Amino acid sequence: MSAIAAPLGRIVQRRRRGTVFVRLLRRPPAAIAFAVVVLLVIGTVGAPLVAPYPQSQFDFTHLYAGPTLAHPFGTDELGRDMLTRVMYGGRTSLEIAALAMLIAMGVGCAWGFVAAFRRGWVDEILMRIADLTLGIPAILMGLVLVAAFGSSTASLVLILGILFTPATARLARSALLSELQTDYYLAAISVGAPPWQIVVRELLPNTLPVLIARASLVAADAIFVEASLSFVGLGVQPPAASWGTLLQHGYTALYRSYWYPIFPGIVILVAVLSLNLLGDNLQRVLDPSRR
Amino acid sequence: MRRYVVRRLLTSVGLLVLSSILIFCLLRVIPGDPTITKLGGSIEGVDPRALQAIRHDLGLDRSLPDQYIRWVGGIVRGDFGQSYYSQFPVTTLITQRIAATIELAVFAIVLGLLIAVPTATISAIWRNRWFDAVVSGFTAVGMATPAFVTGILLIVVFAVKLGWLPSQGYVSITQHPFESLKSALLPATTLAIAIAAPILRVLRASLADVASAPYIRTAAGKGLLRRAVVVRHVLPNAAIPALTMVGVIVGSLLGGTVIVEYVFARPGLGTLMVDSVFKRDYAVLQALVLLAAAVFILSSLVVDLLYGVLDPRLRVRGQESS
Amino acid sequence: MSDHVTADPILDVRDLVVEFPRGRDAITPVRGVSFTLDRRQRLGIVGESGSGKSLTALSLMRLLTPPGRIAGGQVLLGGQDLTQLSEREMARVRGGRLALVYQDPMSSLNPVHTIGRQIVEAIRTHEDVSRRVARARAIDLLGEVGLPAPARRFDSYPHQFSGGMRQRVMIAMAIAAGPDVLIADEPTTALDVTTQARIIELLSRLVDEHDMGVILITHDLGLAATFCDDLQVMYAGRIVERSRAEPLFERPVHPYTEALLGAICRLDFDVTQPIAAIPGQPPLPQQLPPGCPFHPRCPHAVARCSTEEPVSHALPDGRTAECHLAETRAEVTV
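A few points on the structure. Each chain carries its own residue numbering, running from 1 in the direction its sequence is written. Following the order in which they are written, the chains are lettered starting with A and the ligands numbered starting with 1. Only residues with pLDDT of 70 or above have their local features reported here, since the model is predicted, and side-chain atom pairs are shown and tallied only from 80 upward, although totals for entire chains, interfaces and linings are computed over all residues. Side-chain numbers here rest on the full set of heavy atoms in the structure, without hydrogens or water.

### What about the arrangement of the chains?
1) Next: Contacts are assigned to residue pairs with any non-hydrogen atoms lying within 4.5 Å of each other. Contacts are most numerous between chains A and B, taken over all 2 pairs of chains that touch.
2) Next: Spatially, chain A is disjoint from chain C: no contact exists, and the shortest C-alpha separation is 17 Å.

Below is the structure:
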């Protein structure tokens, strides 16, 4: 068996993943988006190190201030620096989104791969279930799940993960299916190598780029939905703060200081946009037939 | 053709039934207990018999299939059950608020299409690089901005700074058409932007696809000007494949409506839904989600039937000849 | 075959050059094509795929997809240079004075409009007539191109017709506004042989009845032989041989033409012999060999052929050939 495995390594094609990344960064929108995402991650995850003010520093002399040099994003109802609050809030938002994305990718891929590999009625059932849930808009589903599971940070991660699993499952399934129909796979099988081994060692890695592109889009959607849920008060609960809750506070204080909600809003926009651009460009780099 | 319509109708009904089961089960599998909400939050120190009484009132002491059948039976008669929280039947709650939501949705769809279709068409006729870049930018930003962010920005500009339009409230169109439009303009615009962006994207892609088809070259070869080629030949053919996506996007309108109604404090089904989630009022929730699923199924049914009307290749298959 | 009126040519193409810019360079698939066309003349342009013949047709109509563009030369239609017209003016020429029938009838008609509507559109774009008049004319045209029950078919959709019928509709649409020149780009390639014959017959009749000049572009030499009065052979973006049809087939001068004719299989050939295919491939426009573009595949090539590009040699009987050995070959093959 191992005598076959060695030449298999040469028959089987392995796409060079390094070049995908390089090609991606050659496109200006993708490069900028990538830089922005890195910046966001540093700014939020590294908030304790990078934030200009300590998180709970009050300044009662400057409530609801607009943007100034000292406070580029203004201040909130307690005089806290908004930039700092946005950075710490981002930590929560990105954490939730990242974890949700991992759950969605993990479960979704497992679901999709099993369906693709097994085919037959297992495939049918798994995909019908996925299809049913795709009919309901994400925010509505999210609300229902919040009603079901409550709205703590932990349940939010679970809810968002569940929300994006079916679509990911569909993608994983079609990605693996197209790999299973390639010539090199059929050739490897006909030589007598055990299919399972090939799938795990060669085919799955080949589906990685498509799935990574998808992961970026899922993360963007997760931020989007989490912000929406938190905005209506059904997401992250106080005292924890996320971008959505900041916007909620800003909304109630709208007539007092309209700057309050503007900056967190712009930051959400930028985050989602960058992740969308990244995912989109990754998809285009990987599949030249798409425009 | 008629058989096709009947088959589609049956499939839709089947989907609706399946969705109702899914929704019903989803809300029952959960850890929460509506009786708690009714009692105001906690069951400590409450007489177990009072608890039993409440459960009996809400019909929660029956078996699951029994509850489901009662629910569905009620729906068929137009009765969505009794709200767990308020003393009104669910149907009343819904009918009170449905007008606001429908007005908003219709207004938003019309506005959204008014933005998306002409822009895509102009883009195809003009083929100007800068215009295309701006449109792409608008599409990307529009799809990345949550509705409440757009809503808040619009409020800041038009309500707070300029004071032209109200930032809240609702006036029924039957009461006072002009005021109704004023109160709906900002929320409808917010929603319209949210749906115009993805529709624009799909439509542009479809237009670009069709523009490279041989029959478009034939049309140009007849001596038609670019404007006529795009409007009379490219657009009708591009609309057909784009229709599916448009149906999906319109269906997803419901999610955005929830948020927008909240931002603009419109008493519609969206705010009802948010309230119900807070209060764990499952009776209302399951009715609303079922309604949402029904709207989605209906819109995809309409799209499928529309295909049959718009694409002559799908119509009567009798007259093949040589 | 017919005797065409050799008066002022209705179409005069001079040194047409088509290029596709790519980055800093450009590919030039049409490298200086010149010819004339008279009323009632049936001109054939033959060549393999990639010779540039379809691009020539498209560029006459100025229907090249950007970034393709006409980089040089003139296209004189009734004395007016089409390359200098604005887009609006050119739109008036298209269909009205110059029309093109395309290769693929299956996908060259708009699937969501009735054929009647498409023909009426062709008429009303160039003439200010009422819908009723246009409809009547369209039905007449459909009858003229041989469609049975034209009045009923007016409201049919393209997908309800077979390929041959669709091509007839295309032809009706092309002549609807009464053009002076009709270009038919591989009009029968997608059709079966019997239908092919009928379509060619139709074209022949229409040429005489409507006083048009026709350019038939094809890779099918047999077809060209039956229909065309004059032939031009294209290779690598240039016309390498021009002649009246009969002499071309009997005594080809250019080695490429000779090889093409040699590659035609006839029923009385010996089946055990290999088909005399031309070795090699036609060159890509971006990889033209130095000197004569045909020289790598030419059995008669001499040293000069690989360094110097041949010019057009005038030969007796109005023939021309772009070959260094043109004169010698014209004498030898008698």
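### Overview of helix 4 (residues 131–144) of chain C
Residues and elements named next belong to chain C.
1) Next: We count a stretch as a helix when DSSP gives it H or I for four or more residues in a row; a strand needs E for two or more, and each element gets its number in order from the N terminus. Helix span, as expected, comes to 1.5 Å for every residue beyond the first. When the terminal C-alpha atoms of helix 4 are compared, their 20 Å separation across 14 residues agrees well with the 20 Å that a helix rising 1.5 Å per residue should span.
2) Next: Along helix 4, the residues classified as buried are Ala-134, Ala-138, Ile-139, Leu-141 and Leu-142. One side of helix 4 holds all its buried residues, which, seen down the axis, span an arc of 160 degrees. Structural note: helix 4 exposes Arg-132 and Asp-140 on the side pointing more than 90 degrees away from its buried face.
3) Next: Taken from the residues just after helix 4, Gly-146 is the one with a positive phi, measuring 90 degrees. Three labels apply to residues, based on accessible area from a 1.4 Å probe with only protein chains included: buried if under 20% of the type maximum, exposed if over 50%, partly exposed otherwise in between. Relevant arc is that of directions from the helix axis to the C-beta atoms, nothing else.

### Considerations on the sheet that holds strand 4 (residues 69–77) of chain C
Residues and elements named next belong to chain C.
1) Next: Any two strands with at least two DSSP-identified bridges between them are counted as paired. What the 4 strands build is an open sheet, ordered 2-1-4-5; its pairing is antiparallel. Of all the strands in the sheet, the pair left with one neighbour each is strand 2 (25–37) and strand 5 (80–81).
2) Next: Two strands pair when backbone bridges link them, and strand 1 (residues 11–22) and strand 4 are joined in this way by 7 bridges, in the antiparallel orientation. By the bridge assignment, Leu-11 is partnered in strand 4 with Leu-77.
3) Next: Against the sheet, helix 1 (residues 53–60) contacts strand 1, strand 2 and strand 4, and its axis sits at roughly 105 degrees relative to strand 1. Under this scheme, a helix contributes an axis fitted over its contacting stretch, all axes are lines through C-alpha atoms, and angles between N-to-C directions fall in the 0 to 180 degree range.

### Quick notes on the layout of surface pockets
Residues and elements named next belong to chain B.
1) Next: Throughout, the protein atoms alone are placed on a 1 Å grid, and a set of points is a cavity if a 1.4 Å probe fits but cannot get out or a pocket if it is open with protein on both sides within 12 Å along at least five of seven lines; lining residues have an atom within 4 Å of a point. Grid points are joined across faces, edges and corners, and a volume is the space filled by probe spheres set on the points. For the second largest pocket, the calculated volume is near 950 Å³.
2) Next: Taken together, 36 residues make up the lining of the second largest pocket; nearest its centre are Ile-109, Val-250, Gly-251, Val-295 and Ser-299.
3) Next: Put simply, the parts of the chain that give the lining of the second largest pocket at least two residues each are helix 5 (90–126), helix 8 (177–211), helix 10 (226–251), helix 11 (253–263), helix 12 (269–279) and helix 13 (282–310).
4) Next: Top contributing element to the lining of the second largest pocket by residue count: helix 13, with 9 residues.

### Side note on the interface of chain B and chain A
1) Next: Between chain B and chain A, the residue contacts involve 51 residues of the former and 39 residues of the latter.
2) Next: Both sides together, the interface formed by chain B and chain A hides about 3,700 Å², and carbon and sulfur atoms give 80% of it.
3) Next: Buried surface area refers to the total accessible area, computed with a probe of radius 1.4 Å, that the two partners give up upon joining, counted for both partners together. Three residues, B:Phe148, B:Ile152 and B:Tyr262, lead the burial of chain B against chain A; their summed loss comes to 14% of the area buried on that side.
4) Next: We define a salt bridge as a contact between a side-chain nitrogen of Lys or Arg and a carboxyl oxygen of Asp or Glu at a distance within 4 Å. Connecting chain B to chain A are 1 salt bridge.
5) Next: The salt bridge partner of A:Asp280 is B:Arg201, with a shortest N-O separation of 3.4 Å.
6) Next: Pairs of N or O atoms are called polar contacts if they sit within 3.5 Å, as long as, within protein, a hydrogen donor faces a hydrogen acceptor (for residues adjacent in sequence, only side-chain-to-side-chain pairs). There are 4 residue pairs in polar contact (both at pLDDT 80 or more) connecting chain B and chain A.
7) Next: Among the secondary structure elements, those contributing two or more residues to the side of chain B that touches chain A are helix 1 (2–28), helix 6 (129–144), helix 7 (147–161), helix 8, helix 11, helix 12 and helix 13 of chain B.
8) Next: With 10 residues, the single largest contributor to the side of chain B that touches chain A is helix 7 of chain B.
9) Next: Classification used: nonpolar for Ala, Val, Leu, Ile, Met, Phe, Trp, Tyr, Cys and Pro, charged for Asp, Glu, Lys and Arg, polar for all others including Gly. Of the residues assigned to the side of chain B that touches chain A, the class counts are 39 nonpolar, 8 polar and 4 charged.

### Side note on the interface of chain B and chain C
1) Next: Across the boundary between the two partners, chain B contributes 24 residues, which contact 29 residues of chain C.
2) Next: Buried surface at the junction of chain B and chain C, summed over both partners, amounts to about 2,500 Å²; 54% is from carbon and sulfur atoms.
3) Next: The largest per-residue losses of area from chain B upon contact with chain C belong to B:Arg217, B:Lys222 and B:Pro312, which jointly make up 24% of the total buried on that side.
4) Next: As a salt-bridge pair, C:Glu121 and B:Arg232 come within 2.7 Å of each other at their nearest N and O atoms.
5) Next: Inspection of the chain B/chain C interface yields 12 residue pairs in polar contact (both at pLDDT 80 or more).
6) Next: Elements supplying a minimum of two residues to the side of chain B that touches chain C: helix 9 (214–221) and helix 10 of chain B.
7) Next: When the residues that make up the side of chain B that touches chain C are grouped by side-chain class, the tally is 9 nonpolar, 8 polar and 7 charged.

### Looking at the packing of helix 12 (residues 259–286) of chain A against helix 6 of chain B
1) Next: Orientation of helix 12 of chain A relative to helix 6 of chain B, taken along the N-to-C sense of each, is 115 degrees, at an axis distance of 8 Å. For the pair helix 12 of chain A and helix 6 of chain B, the sense of crossing is right-handed. Between helix 12 of chain A and helix 6 of chain B, the contacting residues are A:Leu269, A:Val272, A:Leu273 and A:Asn276 on the first element and B:Ala140, B:Val141, B:Met143 and B:Ala144 on the second.
2) Next: Classifying every residue of the contact of helix 12 of chain A with helix 6 of chain B by side-chain character gives 7 nonpolar, 1 polar and no charged. Note on convention: near helix rotated counterclockwise from far helix by under a right angle means a left-handed crossing. Clockwise means right-handed.

### Focus: the environment of C:His300
Residues and elements named next belong to chain C.
1) Next: Mapped onto the elements, His-300 comes out in the loop between helix 10 (255–262) and strand 11 (313–314).
2) Next: The class of His-300 is partly exposed, set by a relative accessible area of 33%.
3) Next: Sequence spacing of His-300 and Gly-237 is 63 residues, and the spatial spacing of their C-alpha atoms is 21 Å.
4) Next: Not counting the four nearest positions on each side in its chain, His-300 is found in contact with Pro-255, Glu-258, Leu-325 and Arg-329.

Everything listed here is a matter of geometry and, on its own, says nothing about what the molecule does.
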